[in-house]
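Architecture and fold: a report
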Amino acid sequence: MIVVTGMPGAGKDEFIAVARSVGFMDVHMGESVRHYARLRGIPFTDGDIGRFAASEREKYGMDIWARRTAEMIRDPERTVVDGVRNMEEVDAFRERDRNLIVIAIFANREERFRRILGRQRPDDVRSMAELVLRDKRELSFGIGSVIALADVMIVNDGTLEEFREKSRKVLQSLPRP
Ligand SMILES: Nc1ncnc2c1ncn2[C@@H]1O[C@H](COP(=O)(O)OP(=O)(O)OP(=O)(O)O)[C@@H](O)[C@H]1O
């Protein structure tokens, strides 16, 4: 299993696209939150989903969403997981697959901001001040530790094609099961 991590706009989705092109499947922790929210009849607004995710965490533990997401994984050796926010979650996935590898993607904040503006996703931040707040929120969840303790770091500071090439190389160099 590969866990991909990084700050908003670092390039996780682009990494996943490369992983898919070489045969990996991907699961997103947000999907399992939405799946359970649907079962419980929670409205699909950002605020309600966020509150639901947090209250489940309080009730069932920091790693609840990782455990629920892990249940959705059919072939751990060929799966990339997106969306972890803290080490407890990484450890929960590691219980499912002892060979788990954490890959962190890094780009500096100016670069991430430019790219986020460029991708024009409706739910994205629109100003540097908003990105600073968004980064703070992510860090408050514990993502900094996941990045600092990653097994591999890919620096995404060049062109998109360079990043894709780096990603392919990392994926090729992983130990085969
Ligand atoms: N090296 C690069 N050069 C140019 N554009 C890039 C590069 N890397 C990523 N991008 C673009 O920057 C945007 C952000 O990348 P991506 O969506 O992969 O980030 P992310 O880490 O998945 O972000 P989030 O956590 O917010 O979902 C995308 O539009 C992507 O195509």
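Since the model is a prediction, treat every value here as computed from it, not as a measurement.

Taken together, 15 residues form the shell around the ligand, and within it Lys12, Asp13, Glu14, Arg119 and Asn156 come nearest. One of the backbone N or O atoms of Gly11 is found 3.0 Å from an oxygen atom in the ligand. Within the side chain of Arg115, a nitrogen or oxygen atom sits 3.3 Å from a nitrogen atom of the ligand. Here the ligand loses 83% of its free accessible area of 640 Å² to cover by the protein chains. Within the residue set of the shell around the ligand, elements represented by two or more residues are helix H1 (12-21) and helix H6 (109-119). In terms of residue count, H1 provides more of the shell around the ligand than any other element does, three residues in total.

Attention now goes to the pairing of strand E1 (residues 2-5). Every second residue of E1 is oriented toward a common face, with Ile2 and Val4 on one face and Val3 and Thr5 on the other, all of them buried. Here E1 pairs with strand E3 (residues 79-82) via three bridges, running parallel. Across the sheet, Ile2 pairs through a bridge with Val80, a residue of E3. Pairing of E1 with strand E4 (residues 101-106) involves four bridges; the strand directions are parallel. Directly across from Thr5, in E4, lies its bridge partner Ala104.

Those places that UniProt annotates as "binding site: ATP" (unreviewed entry) correspond, in this numbering, to Gly6, Met7, Pro8, Gly9, Ala10, Gly11, Lys12 and Asp13. Considering the arrangement of structural elements, one finds Pro8 in the loop between E1 and H1. The buried category is assigned to Pro8, whose relative accessible area is 7%. In contact with Pro8, not counting residues within four places along its chain, are Arg112, Ile116, Leu131, Arg134, Asp135 and Glu138. Within the secondary structure, Gly9 sits in the loop between E1 and H1. Filtering out sequence-adjacent residues up to four positions away, Gly9 remains in contact with Arg112, Arg115, Ile116 and Arg119.

Turning to a nonpolar patch on the surface, a few remarks are in order. The grouping of Phe106, Met153 and Val155 at the surface amounts to a nonpolar patch, some 250 Å² of accessible area in total. With respect to the secondary-structure elements, Met153 resides in strand E5 (residues 152-155).

Now for the side chain of Ser167. Inspection of the secondary structure puts Ser167 in helix H9 (residues 160-173). Overall, Ser167 belongs to the buried group, its relative accessible area being 0%. Setting aside residues no more than four positions away along its own chain, Ser167 makes contact with Phe15, Val18 and Ile154.

Of the positions making up helix H5 (residues 87-96), those classed as buried are Glu89, Val90, Ala92 and Phe93. Here the buried residues of H5 occupy an arc of 160 degrees about the axis, which is enough to place them on one side. If you follow the buried residues of H5, they end up packed against helix H2 (29-40), helix H3 (46-60), helix H4 (64-70), E3, E4 and helix H8 (143-148). The backbone nitrogen of Glu88 has a side-chain oxygen 3.1 Å away, supplied by the residue at the start of H5, namely Asn86.

Moving on, we get to the sheet that holds E5. An order of E2-E3-E1-E4-E5 is seen for the five strands of this open sheet, with the pairing classed as parallel. Each having just a single partner strand, strand E2 (25-28) and E5 make up the two edges of the open sheet. Looking at each pair of strands side by side, their axes are set apart by 25 degrees on average, direction ignored. Pairing analysis gives four bridges linking E2 to E3, with the strands arranged parallel. For Asp26, the partnering residue across the bridge sits in E3 and is Val80. Of the strands in this sheet, E1, E2, E3, E4 and E5 are in contact with H1, which crosses E3 at around 170 degrees.

What counts, and at which threshold
- Residues numbered from 1 in each chain as written.
- Predicted model: local features only at pLDDT ≥ 70, side-chain atom pairs only at ≥ 80, totals over all residues.
- Heavy atoms only, no water.
- Near = heavy atom within 4 Å.
- Polar contact = N/O pair within 3.5 Å; in protein donor to acceptor, adjacent residues only side chain to side chain.
- Areas by Shrake-Rupley, 256 points an atom, 1.4 Å probe, with all protein chains shown as cover.
- Helix = DSSP H or I, 4+ residues; strand = E, 2+ residues; numbered from the N terminus.
- Buried < 20%, exposed > 50% of the residue type's maximum accessible area, 1.4 Å probe, protein only.
- Pairing = 2+ DSSP bridges.
- UniProt positions renumbered as here; feature names shortened; annotations may be inferred.
- Contact = heavy atoms within 4.5 Å.
- Patch = residues over 30% accessible without salt bridge, like charges linked within 9 Å, V, L, I, M, F, W, Y side chains within 5 Å.
- Salt bridge = Lys/Arg side-chain N within 4 Å of Asp/Glu carboxyl O.
- Arc of directions from axis to C-beta.
- Axes fitted to C-alpha atoms, helices over the stretch in contact; angles between N-to-C directions.

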